[in-house]
Amino acid sequence: MAEVKIAAEPRTEFGKGAARRVRRAHQVPAVIYGHGADPQHVTVPGHELLLALRTANVLISLQLDGKTALVIPKAVQRDPLRGTIEHVDLLSVKSGEKVTVEIPVQTEGELAVGGNLLEHVLNTLPVEAEATHIPTAVTVSIEGLEAGASILAKDITLPKGSTLAIDEDAVVIQVVSAQAEAADEAGDEDAEGTEDAAAEA
């Protein structure tokens, strides 16, 4: 995976007022932690960070005080209305170090002809991988699958160097019948109607 270089600056002011000033300057408050060191408070350019975070589990080469630190984003807080980044936690990593991350699950192919629906039980798959070789995603073939079929975590081929960090029998994807889905929804509506009638009585 490619590294993204971002320049950071130490942050010495704290509190909501200070955070607002940082964001008005198009910067994002961030905290670097890991390896038993004290948390380090910094600010990073908002636009560059936003672009970097378009890649899941992106590896960031943070330029700070003339030194370079490798980090990956672990927690990102966004404004619920505007979608802008409010704060980010960055985990310090080293080359060769193993980390546990969640990688997106993508599908390819077409389900069997008929009323079949694809259900993602898990949108991401927890795996352990080298910090500098984190997969961007895993791709699963659903070609020809029919209702009742399911894909377990152990059925997914992981990139070299990655191992599952979840029960291997966990269901990741399953195929359900469209008719069964409709019947379940109708049953739910009938149950709601019965409850309403009982309440009115």
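Residue positions are counted from 1 within each chain, in the order its sequence is given. With pLDDT at 70 or above as the cut-off, local features in this predicted model cover only qualifying residues; side-chain atom pairs require 80 or more to be listed or tallied, and sums for whole chains, interfaces and linings still use all residues. Side-chain descriptors were evaluated using all non-hydrogen atoms of the structure, hydrogens and water having been removed beforehand.

(A) Quick peek at the overall build of the protein chain. Labels follow the DSSP assignment, with helices taken as runs of H or I lasting at least four residues and strands as runs of E lasting at least two, numbered in each case from the N terminus. The secondary structure content of the protein chain amounts to 3 helices and 14 strands. Here the term buried applies to any residue with accessible area under 20% of the maximum for its type, exposed to any over 50%, and partly exposed to those in between, with areas from a 1.4 Å probe on protein chains only. Burial status across the protein chain gives 34% buried among its 201 residues. Here, two residues are considered to be in contact whenever any of their heavy atoms come within 4.5 Å of each other. Sequence-distant contacts in the protein chain: of pairs separated by 6 or more residues, those separated by 24 or more amount to 63%. In these tables, accessible area is a Shrake-Rupley quantity obtained with a 1.4 Å probe, and a residue counts as shielded only by the protein chains included in the view. Total accessible area computed for the protein chain in this model is approximately 11,900 Å², and 49% of it derives from carbon and sulfur atoms.

(B) Just the sheet that holds strand β9 (residues 116-120), in detail. Should DSSP find at least two bridges between two strands, the strands are taken to pair. Pairing is antiparallel across the open sheet formed by 3 strands, whose spatial order is β9-β14-β12. The outermost strands of the open sheet, each flanked by one partner alone, are β9 and β12 (150-152). Adjacent strand axes in the sheet meet at a mean angle of 15° when their direction is disregarded. Bridge count for β12 against strand β14 (residues 171-177) is 3 bridges, and the pairing is antiparallel. Looking at the pairing, Ile151 lines up with Ile173 of β14. Only C-alpha atoms enter the line fits that serve as axes; for helices the fit covers just the stretch in contact. Angles between N-to-C directions range over 0 to 180 degrees.

(C) Representation of the sheet that holds strand β13 (residues 163-164) within the structure. As summarised here, the arrangement of the 4 strands in space is β11-β8-β10-β13, forming an open sheet in which the pairing is mixed. Sheet topology places β11 (138-141) and β13 at the edges, where each strand pairs with a single neighbour. Across 7 bridges, strand β8 (residues 98-108) lies against strand β10 (residues 124-130) in antiparallel orientation. Residue pairing across strands places Thr100 opposite Glu128, the latter belonging to β10.

(D) Examining the side chain of Thr132 more closely. Mapped onto the elements of the fold, Thr132 is located in the loop between β10 and β11. By relative accessible area, Thr132 is classed as buried at 12%.

(E) Spatial organisation of the side chain of Ser162. Here Ser162 lies in the loop between β12 and β13. Given the relative accessible area of 11%, Ser162 is considered buried. In this structure, Ser162 is in contact with Glu128, Ala129 and Pro135, ignoring residues within four places of it in sequence.

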